[in-house]
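A structural walkthrough
Spelled out from the first residue to the last, the chains are:
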Amino acid sequence: MLKIISKNNIYAVVGFLIMSLFVSSTALAQEDFAPPSGGQMGPPPGIPAEYLKMGSPSADGIAGPSDAQQKGMEKAQQMEQKGAEMQKQGEEKQLKGMKQGATGMERALKQFENNFAKLEKSGTQISEATREKLRTTRSGIEIIKQAQSVNDIESVDSDTLQENLSSLGDEIGSYQKMQGLKKMLASMNRGVVSFEKQLSKFQNQGVTVPSTISEDFDKLKAGLKAINDAKTPAELDATNPDELGDLMTKVNESRPILEMAAKWPRVLKQADQQLKSFEKQVSKTKTLVDKLKTQSIDVSAEFATFQSDVANLKTARDAADALMKEGKSEDAFTKIEDEFFNQLDNAGEHQRVIQNLANLSRFNVEFKRGMADAQKNIKSLAKRKINTSDLQTIYDQALSKGNEITVLIKAKPIDEEAVRSAMDEMESLKQDFMDKADELSGGQMMMWEKKEPAQFQGLSMPKDFNNLISQTTAGVKK
């Protein structure tokens, strides 16, 4: 932009100096200067001789400017006029240049004004500092547009106008990037909403989410809300977006725990079904105990052990559920697996002894069926190239014990104590066989270990999120 020039144009200064010189020369000519005594007549050093003739009397006796003096004065006037004209031309050129520059600045300003207006319509709040820049820039441009002379634009600093336009350009960029950032987070916001709904669903089902997971998720929600609620880049700069990545990682790492916890209601349902079945068996077994007692067979000890085992299962179930409600989901699953589901066969061992004693006539049929199933299990494992020698040993022992019981049952009179003792040993061998078979086959898979569709979808940070947010706030810090 052109700068405002001084009214005292260089040409006017030159004219003024020449005029002063001629006036001084006339005054000197009118005074009676005598040459110094003994000195030679002639012009003083440094003064041209023609200047000494200025002011000599004219023909009619009246002193007046000489021709040279007159010409000098006319020349000075001409130069002064020329300087004034050049100054006027310079001012006109300067004003024209500023008006042309103002036209270009106004085009940029209008674009900024339109962009900020669109941002406001979309709900974005424009800061008061930005509004003030828009107002002062508009005011300065209007002054230049309406100016008739350079005097009218003395109050306008063109550098300030340029700085304001540059700053507005940076700010509109920051506002637009802020909007882009919010759009980028839209998919992530949907994921968070879905995640929260699933958490609420579990809580309504009685599942307690571990406190650490809840705290991390609440912090993540708060961080996203702060970004979504930011109305200006300055407000966005006050958020803590760097923390979001770490929080999201923590929440994602908690998903396996939550997936397990999501299965807890079904686990409890299955445990309760097992307990309900055992409670029915306790009632039925009590009838068998009373029947055997009339036959002088006392199995009260086995029945008491059976009742105690069922009670222990109920205690383990309740303790595991209490751990889950405390948010200790891993401990809850460990307890219900070790102390409930893995003890189901042991709990029914004494009940089966009582049943066998009450149904001695059916023992041989059940025995042969059980041994046939065991042999199939051994062959299946052997086909998988698994060493079944230990399992075969247990099988042989069970087969021998079963044959022994068959002989004891056929004996008359029956040695009830020997039969009961042999059946206890038979049940122990049966349990050993099942445990060993599970071990060789990789263990029995619990219901919650089976792969199922994920109920919690992973959360992901949008690509280039950190770069965009740093660019958005950079304009604010300038």
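One structure accompanies this document, and this report is about it. Remember, predicted model here, so these are calculated numbers, not experimental data.

This part covers the overall build of the protein. Regarding its fold elements, the protein presents 18 helices and 0 strands. Expressed as a percentage of its 478 residues, the buried residues of the protein come to 35%. Excluding contacts between residues fewer than 6 apart, the proportion of contacts in the protein whose partners are at least 24 apart in sequence is 82%. Here the protein displays about 28,300 Å² of accessible surface, and carbon together with sulfur accounts for 51% of that area.

Further remarks concern the nonpolar core. Counting residues in each nonpolar core, the largest one holds 56 residues, and the members touching the most others are W264, I336, F340, L357 and M423. Listing elements by their share of this core, those giving two or more residues are helix 10 (255-262), helix 11 (264-294), helix 12 (300-325), helix 13 (329-339), helix 14 (344-358), helix 15 (360-383), helix 16 (389-410) and helix 17 (416-440). It is helix 11 that contributes the most residues to this core, 10 residues altogether. Contact partners of L357, with chain neighbours within four places excluded, come to L292, V299, V419, R420 and M423. In this structure, V150, Y175, M248 and L258 belong to the second largest nonpolar core, which totals 41 residues.

This part covers the pattern of salt bridges. One pass over the structure, following the stated rule, counts 26 salt bridges. Among the ionic pairs, K286 bridges to D290, the shortest N-O distance being 3.0 Å. Residue K286 and its partner D290 are both found in helix 11; the two are separated by 4 residues, about one turn of the helix. According to the relative accessible area criterion, D290 is partly exposed, its value standing at 36%. Across the pair E339 and K335 runs a salt bridge whose closest N-O atoms are separated by 3.0 Å. With E339 and K335 both in helix 13 and 4 residues apart, the pair spans about one turn of that helix. The partly exposed category is assigned to E339, whose relative accessible area is 38%. Since its relative accessible area comes to 23%, K335 is described here as partly exposed. Where salt bridges share partners, they join E106, E113, R138, E142 and K145 into one cluster.

So, on to unusual backbone geometry. Positioned with a positive phi, K385 is a non-glycine residue whose angle comes to about 65°. The topology assignment puts K385 in the loop between helix 15 and helix 16.

Moving on, we come to helix 3 (residues 67-121). What sets the pattern is the α-helix's 3.6 residues per turn: residues three or four places apart point alike. Relative to the 81 Å expected for 55 residues at 1.5 Å per residue, helix 3 spans 79 Å between its end C-alpha atoms, a close match to the ideal helical length. G123 lies just past helix 3 and shows a positive phi near 100°.

Our focus in this paragraph is the packing of aromatic side chains. Here a ring pair, both rings aromatic, is described through the centre-centre distance and the interplanar angle of the planes. Counted under the stated rule, the structure contains 6 aromatic pairs. Each ring, one from W264 and one from F333, has its centre 5.1 Å from the other, and the planes form 80°; the classification is edge-to-face. Here F333 lies in helix 13 and W264 lies in helix 11, a separation of 69 residues in the sequence. With a relative accessible area of 2%, W264 lands in the buried category. On the basis of an interplanar angle of 75° and a centroid distance of 5.0 Å, the ring pair of F340 and F341 is categorised as edge-to-face. Of the two residues examined, F340 and F341, each falls in the buried class.

Analysis parameters
- Residues numbered from 1 in each chain as written.
- Predicted model: local features only at pLDDT ≥ 70, side-chain atom pairs only at ≥ 80, totals over all residues.
- Heavy atoms only, no water.
- Helix = DSSP H or I, 4+ residues; strand = E, 2+ residues; numbered from the N terminus.
- Buried < 20%, exposed > 50% of the residue type's maximum accessible area, 1.4 Å probe, protein only.
- Contact = heavy atoms within 4.5 Å.
- Areas by Shrake-Rupley, 256 points an atom, 1.4 Å probe, with all protein chains shown as cover.
- Core = buried A, V, L, I, M, F, W, Y, C linked by side-chain atoms within 4.5 Å.
- Salt bridge = Lys/Arg side-chain N within 4 Å of Asp/Glu carboxyl O.
- Expected span 1.5 Å × (residues − 1).
- Phe/Tyr/Trp six-rings, centres within 6.5 Å; stacked < 30°, edge-to-face > 60°.

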